[in-house]
Amino acid sequence: RQQEEPVAAGAPSTGKPAVTPESVINLDHGDPTMFEEFWRGTGSAAEIVIPGWQTMSYFSDVGNVCWFLEPGFDHEVRRLHRLVGNAAVDGYHVLVGTGSTQLFMAALYALSPPAAAGAGAPMSVVSTAPYYSSYPAVTDFLQSGLFRWAGDANSFKGDAYIELVCSPNNPDGTIREAVLSSESGNGIAVHDLAYYWPQYTPITKRADHDIMLFTVSKSTGHAGTRIGWALVKDRDVAKKMTKFIELNTIGVSKDSQLRAAKVLRAVSDAYELPEAREEHRLFDYGRRKMAERWSMLREAAAASGIFSLPDETSGHCNFAKETASTNPAFAWLRCDREDVEDCASFLRGHKILTRSGSQFGADPRYVRVSMLDRDDAYDIFVRRLASLK
Ligand code: PMP
């Protein structure tokens, strides 16, 4: 082992190690390092300095349902949604979480009747397959008496359930609506709109569901900041979700909220301030980059001849004010070779790590591939893929 470089005090980690043409390329997680290039170019617009005496109190806004919500973060969340037009904010409570993952858990807690813990059966949690692999994992992790994973929404029978609606969907990028009508039973939908941003899909309507989850992990690429937010219509649900976070982590890092607020502000400023520079427009950058990557991937799949991808779709984007294609954050790749029944292990054999379709309640001939890695890793991935026969 080589002698370790001394780490300068306060020097940040860089995440995944750099790659070489021989490296194993890990596209299993949706780690959004693609966006680093953009944020390197924005200068001080997204920087913050926090003096030693600040952000020390547990409390942020004691009059608010979400008492640990930084008002500046609340403001920038509403401002960005108004700019993009992807979600309604008037009449909604904004709640902050340690990633949208914590808010997802808070929603399960808030929407499950407390009686279920005693006499009744736990609340069923469902989502249409292929569904985001964390939904079953997170739902059943602590084996709660309040709720339990019940699988694919399409085959669910029963009238008390929480339906998770992810749109655009992780892993396959489809636009989704709830499949179980809430009028037929006691069903409640939670809309996970992590990817409902212009770099991934045309913004075709202002979403106005009862509970909507978002995250900086996918909107701006700041996954390491661990900040998500929920837009919640009902005050009692908002209060219960806040209670969950209070008992889970006594609030959410203020330092992270301030940073997230500054990042969101930089995004809005680049569209709204007259002196802003065009190259600082995140969604323009993201769309261009994602479209480029999708066209590289389609070429590579065609060159190889053994893979298929979802068809490209497009629509009128109310934000871009033009027709825009969908550029999902993940490729839902199918290996068409008859003798390959497990696409993930086939690709692993070629030093490409992906997540198997089986983890999303789907066929293992499919894999999910992250489209958001750094350029060097992505370039090696498409070159390798094109060479597979
Ligand atoms: N929802 C979906 C659909 C996701 O893909 C992810 C991240 N992979 C999350 C939620 C979690 O995001 P966060 O980093 O905010 O916890």
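Worth saying up front: this structure is predicted, and the values here are computed from it rather than measured.

Peer 1: How would you summarise the pattern of salt bridges if you had to cite specific residues and measurements?
Peer 2: As enumerated under the stated definition, the model contains 20 salt bridges in all. For Asp-28, the salt bridge identified is with Arg-355, shortest N-O distance 2.7 Å. Linking Asp-28 in the loop between strand E1 (25-26) and helix H1 (36-40) with Arg-355 in strand E14 (residues 355-356), this pair joins segments that are 327 residues apart in sequence. The closest approach of N and O atoms between Glu-272 and Arg-79, which form a salt bridge, is 3.0 Å. Taken together, the residues span a long stretch of sequence, with Glu-272 in helix H7 (residues 254-272) and Arg-79 in helix H2 (residues 71-84) at a distance of 193 residues. Of the residues examined, Glu-272 reaches a relative accessible area of 40% and is grouped as partly exposed. Beyond isolated ion pairs, a larger network of salt bridges with shared partners links Glu-76, Arg-79, Arg-265, Asp-269 and Glu-272.

Peer 1: Can you break down the packing of aromatic side chains residue by residue, with the values?
Peer 2: Within this structure, the stated rule accounts for 22 aromatic pairs. The interplanar angle of 45° and the centroid separation of 5.2 Å between the aromatic rings of Phe-38 and Tyr-285 together place this pair among those described as tilted. Of this pair, Phe-38 sits in helix H1 while Tyr-285 sits in helix H8 (residues 282-304); the two residues are 247 residues apart in sequence, bridging distant segments of the chain. Just as Phe-38 is buried, Tyr-285 falls in that class too. Relative to Phe-244, the ring of Tyr-109 lies with its centre 5.8 Å away and its plane at 45°, an arrangement referred to as tilted. One end of the pair, Tyr-109, is in helix H3 (residues 99-111); the other, Phe-244, is in helix H6 (residues 235-249), with 135 residues separating them in the sequence. When its relative accessible area of 17% is taken as the criterion, Phe-244 is described as buried. An aromatic cluster of three or more residues is present, and its members are Phe-73, Trp-197, Phe-214, Trp-229, Tyr-271, Phe-283 and Phe-319. In this structure, Arg-293 packs its charged tip against the face of Tyr-378, placed 4.6 Å from the ring centre. In this arrangement the basic side chain of Arg-368 is found over the ring face of Phe-330, its NZ or CZ atom lying 3.8 Å from the centre.

Peer 1: Please set out the domain arrangement of the protein chain residue by residue, giving values where relevant.
Peer 2: One frequent convention defines the size of an interface as the accessible area lost when the parts assemble. Domains assigned within the protein chain are domain 1 (25-42 + 279-387) and domain 2 (71-271). A separation of 24 Å is found between the C-alpha centroids of domain 1 and domain 2. Across the contact, 34 residues belong to domain 1 and 34 residues belong to domain 2. A combined buried area of about 2800 Å² lies between domain 1 and domain 2, and 65% of that area is made up of carbon and sulfur atoms.

Peer 1: Go over the sheet that holds strand E9 (residues 307-308) with me, naming the residues and quoting the values.
Peer 2: With respect to topology, four strands assemble into an open sheet ordered E9-E12-E15-E14, the strand pairing being antiparallel. The open sheet has two edge strands, E9 and E14, and neither has a second partner. Note: E9 against strand E12 (residues 330-335), two bridges, orientation antiparallel. What sits directly across from Phe-307, in E12, is Cys-335.

Peer 1: Report on the packing of H2 against H7, specifying residues and quantitative values.
Peer 2: Relative to each other, H2 and H7 sit at 30°, their axes nearing to 9 Å. In this view, H2 runs roughly parallel relative to H7, as classed from their interaxial angle. When you trace H2 past H7, the crossing you get is left-handed. In contact with Gly-72, Phe-73, Glu-76, Val-77, Arg-79, Leu-80 and Leu-83 of H2, H7 contributes Gln-257, Ala-260, Ala-261, Leu-264, Arg-265, Val-267, Ser-268, Asp-269, Tyr-271 and Glu-272. Among the residues forming the contact of H2 with H7, the class breakdown is nine nonpolar, three polar and five charged.

Peer 1: A description of H2 should follow, citing residues and the corresponding values.
Peer 2: Compared with the 20 Å implied by 1.5 Å per residue over 14 residues, the 20 Å span of H2 between its first and last C-alpha is a close match. Phe-73, Asp-74, Glu-76, Val-77, Arg-78, Arg-79, Leu-80, His-81 and Val-84 are the residues of H2 that are buried.

Peer 1: Lay out the layout of surface pockets with the relevant residues and their values.
Peer 2: Remark: the empty space left among the atoms is shown by a probe the size of a water molecule rolled over them. Taken as a whole, the largest pocket spans an internal volume of roughly 1300 Å³. For the largest pocket, the lining is made up of 48 residues, of which Pro-32, Gly-221, His-222, Ala-223 and Gly-224 are closest to its centre. Mapped by element, the contributors of at least two residues to the lining of the largest pocket are H1, H3, helix H4 (134-140), strand E7 (211-215), helix H5 (216-219) and H7. Among the elements that make up the lining of the largest pocket, the one with the highest residue count is H3 (four residues). Broken down by class, the residue content of the lining of the largest pocket amounts to 16 nonpolar, 20 polar and 12 charged. Of the residues that make up the lining of the largest pocket, three or more belong to each of domain 1 (25-42 + 279-387) and domain 2 (71-271). Size it by volume and the second largest pocket reaches roughly 290 Å³. As for the second largest pocket, its lining consists of 19 residues, and the residues nearest its centre are Ser-167, Ile-175, Tyr-196, Thr-204 and Lys-205. The class makeup of the residues in the lining of the second largest pocket is five nonpolar, nine polar and five charged.

Reading guide: rules and limits
Residues numbered from 1 in each chain as written. Predicted model: local features only at pLDDT ≥ 70, side-chain atom pairs only at ≥ 80, totals over all residues. Heavy atoms only, no water. Salt bridge = Lys/Arg side-chain N within 4 Å of Asp/Glu carboxyl O. Helix = DSSP H or I, 4+ residues; strand = E, 2+ residues; numbered from the N terminus. Buried < 20%, exposed > 50% of the residue type's maximum accessible area, 1.4 Å probe, protein only. Phe/Tyr/Trp six-rings, centres within 6.5 Å; stacked < 30°, edge-to-face > 60°. Lys NZ or Arg CZ within 6 Å of the ring centre and 35° of its normal. Domains from an automatic or database assignment. Contact = heavy atoms within 4.5 Å. Buried area = accessible area lost by both parts, 1.4 Å probe. Pairing = 2+ DSSP bridges. Axes fitted to C-alpha atoms, helices over the stretch in contact; angles between N-to-C directions. Parallel < 35°, antiparallel > 145°, perpendicular 65-115°, else oblique. Left-handed = near helix turned anticlockwise from the far one by under 90°. Nonpolar A, V, L, I, M, F, W, Y, C, P; charged D, E, K, R; others polar. Expected span 1.5 Å × (residues − 1). 1 Å grid on protein atoms, 1.4 Å probe; cavity = no way out; pocket = protein on both sides within 12 Å on 5 of 7 lines; lining within 4 Å. Points joined across faces, edges and corners; volume = space filled by probe spheres on them.

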